Amino acid sequence: MGYGDFAKSGTSHAEGNIRMSIAKFAARSFLATATIAAVGIAVPQAQAAPTPAVKLSDRADADTRAFAAAHPGAVRAALVVCGANYVLENAERLPSSDNRLATLFTYRIPGNIPNDEPTCAILDNNTASTKWMKLKLCSNWIADGCAEDVGNFTSYAGPVYRARGGCGKVYAIMKNSAGSGSALVDAIRNATNCD
């Protein structure tokens, strides 16, 4: 499941996968309803599952806010992967906004102390092919260490979580293969927007 307007069609991998799952569910529900209706049993009307609302961090910068407004499906899909209660902290096109091969998403659960906030990171593969990717999220607390996801991914690396990841670092690397000498993406960013 990748996400974004990523790929060529303007529909994300995650949105496409979600739509496929919904379509399969709908088809199965229709068949079950038709079968039950044929034998005369009353069936309650089906309701669509609610779509999670995306909340932006009060610390999200203007670029993240603009990305979220332009790509709500991508932001929502990444939120679904991270889980409930997270707010979008950062969404950054990598290696640049003009040459987007990946999108780095970081989410946090708001708390009273910024460096104690749980964080989640996802590195979305915006290419049309499998890439070797490494996503590493490190806590601001040295004793808590880092979490990482490494491998060949068609859609995304992650999610990776830190219980106290606020003000920590996130490392995002993308290469054509593990043995490639040069990286397509090589970025180190703050996991959350801290002073």
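Located above this text is the structure these notes cover.
Numbers given to residues run from 1 along each chain, matching the order in which its sequence is written. In keeping with the predicted nature of the model, local features appear solely for residues at pLDDT of at least 70, side-chain atom pairs appear and are counted solely at 80 or more, and the whole-chain, interface and lining totals rest on all residues. Just so you know, side-chain values use all the structure's heavy atoms and leave hydrogens and water out.

K.L.:
Looking at this model, I keep getting lost on the overall build of the chain. Mind explaining?
P.N.:
When you go through the chain residue by residue, the secondary structure sums to three helices and eight strands. For helices the rule is a DSSP run of H or I covering at least 4 residues; for strands it is a run of E covering at least 2, with both sets numbered from the N terminus onward. Each helix (α) and strand (β) of the chain, taken in turn from the N terminus, gives the series α-α-α-β-β-β-β-β-β-β-β. The buried label goes to any residue with under 20% of its type's maximum accessible area, the exposed label to any with over 50%, and the partly exposed label to all in between, with areas taken from a 1.4 Å probe on protein chains only. When burial is assessed residue by residue, the chain has 38% of its 195 residues classed as buried. When the accessible surface of the chain is summed, it comes to about 10400 Å², and 55% of that surface belongs to carbon and sulfur atoms. All accessible areas in this document rest on Shrake-Rupley with a 1.4 Å probe, and a residue is counted as covered only by the protein chains that are shown.

K.L.:
Got a minute to help me understand the packing of helix H2 (residues 62-70) against helix H3 (residues 72-82) in this structure?
P.N.:
For any two helices packed against each other, the geometry comes down to the angle between their axes and how far apart the axes lie. Only the stretch in contact is used when a helix axis is fitted, and all axes are lines through C-alpha atoms; the angle between N-to-C directions ranges over 0 to 180 degrees. Where H2 meets H3, the axes come as close as 5 Å, and the angle between the chain directions of the two elements is 100 degrees. The orientation of H2 relative to H3 falls into the category roughly perpendicular. Contacts between H2 and H3 involve Phe-67, Ala-68, Ala-69 and Ala-70 from the former and Pro-72, Ala-74 and Val-75 from the latter. Residues are grouped as follows: nonpolar covers Ala, Val, Leu, Ile, Met, Phe, Trp, Tyr, Cys and Pro; charged covers Asp, Glu, Lys and Arg; every other residue, Gly included, is treated as polar. Residues of the contact of H2 with H3, tallied by class, amount to seven nonpolar, no polar and no charged. Here roughly perpendicular refers to angles of 65 to 115 degrees, roughly parallel to angles under 35, roughly antiparallel to angles over 145, and oblique to all remaining angles. Contacts are residue-level and defined by heavy atoms, with any inter-residue pair within 4.5 Å sufficient.

K.L.:
I keep staring at the nonpolar core and nothing clicks. Help me out?
P.N.:
Where a protein is soluble and globular, its nonpolar side chains tend to be buried together. By nonpolar core we mean a set of buried residues, namely Ala, Val, Leu, Ile, Met, Phe, Trp, Tyr and Cys, connected to one another through side-chain atoms within 4.5 Å. Counting residues in each nonpolar core, the largest one holds 19 residues, and the members touching the most others are Leu-94, Leu-104, Leu-123 and Leu-135. Not counting residues up to four positions away in its chain, the partners in contact with Leu-104 are Asn-90, Ala-91, Glu-92, Leu-94, Ile-122, Leu-123, Leu-135, Val-170, Ala-172 and Arg-189. In this structure, Leu-88, Cys-120, Ile-122 and Tyr-156 belong to the second largest nonpolar core, which totals 16 residues.

K.L.:
It is not clear to me how H3 should be interpreted in this structure. Could you clarify?
P.N.:
At 3.6 residues per turn, the α-helix brings residues three or four places apart onto the same side. Counting buried residues in H3 gives eight out of 11 residues, a clear majority hidden from the surface. Within H3, the full set of buried residues consists of Gly-73, Ala-74, Val-75, Ala-77, Ala-78, Leu-79, Val-81 and Cys-82. Following H3 by one or two positions, Gly-83 has its phi on the positive side, about 125 degrees.

K.L.:
What is the right way to read the sheet that holds strand E6 (residues 156-162) from this model?
P.N.:
Whenever strands of a sheet pair, they do so through backbone hydrogen bonds, lying parallel or antiparallel. Two strands are counted as paired when DSSP detects at least two bridges linking them. Pairing is antiparallel in the open sheet, where four strands are placed in the order E1-E2-E3-E6. Each of the sheet's edge strands pairs with one partner strand only, and the pair in question is strand E1 (87-95) and E6. The mean angle between the axes of side-by-side strands here comes to 15 degrees, regardless of whether they run parallel or antiparallel. Sheet topology places E1 next to strand E2 (residues 100-108); eight bridges connect them, and they run antiparallel. The partner of Arg-93 across the bridge, within E2, is Thr-103. Sheet strands touched by H2: E1 and E2. Its angle to E1, the strand with the most contacts, is close to 90 degrees.

K.L.:
Got a minute to help me understand unusual backbone geometry in this structure?
P.N.:
Peptide bonds are mostly trans, and most non-glycine residues show a negative phi. The step from Leu-94 to Pro-95 runs through a cis peptide bond, and the omega angle for that step is 5 degrees. Note that Pro-95 resides in strand E1. Across the junction of Gly-158 and Pro-159, the peptide omega takes the value 0 degrees, indicating a cis bond. Mapped onto the elements of the fold, Pro-159 is located in strand E6. Even without being a glycine, Asn-85 presents a positive backbone phi close to 75 degrees. Relative to the helices and strands, Asn-85 is located in the loop between H3 and E1. Residue classification places Asn-85 among the exposed positions, given a relative accessible area of 61%.

K.L.:
Before we go on, may I ask you to explain the sheet that holds strand E7 (residues 169-175) in this structure?
P.N.:
With antiparallel pairing, four strands are arranged side by side in an open sheet as E5-E4-E7-E8. Edge positions in the open sheet fall to strand E5 (146-153) and strand E8 (185-190), since each of these has one partner strand only. Here the strands of the sheet are splayed against their neighbours by 10 degrees on average, with no regard to which way each runs. Bridge count between E7 and E8: six bridges; the pairing is antiparallel. Each residue of the ladder has a partner; that of Lys-169, found in E8, is Asn-190.

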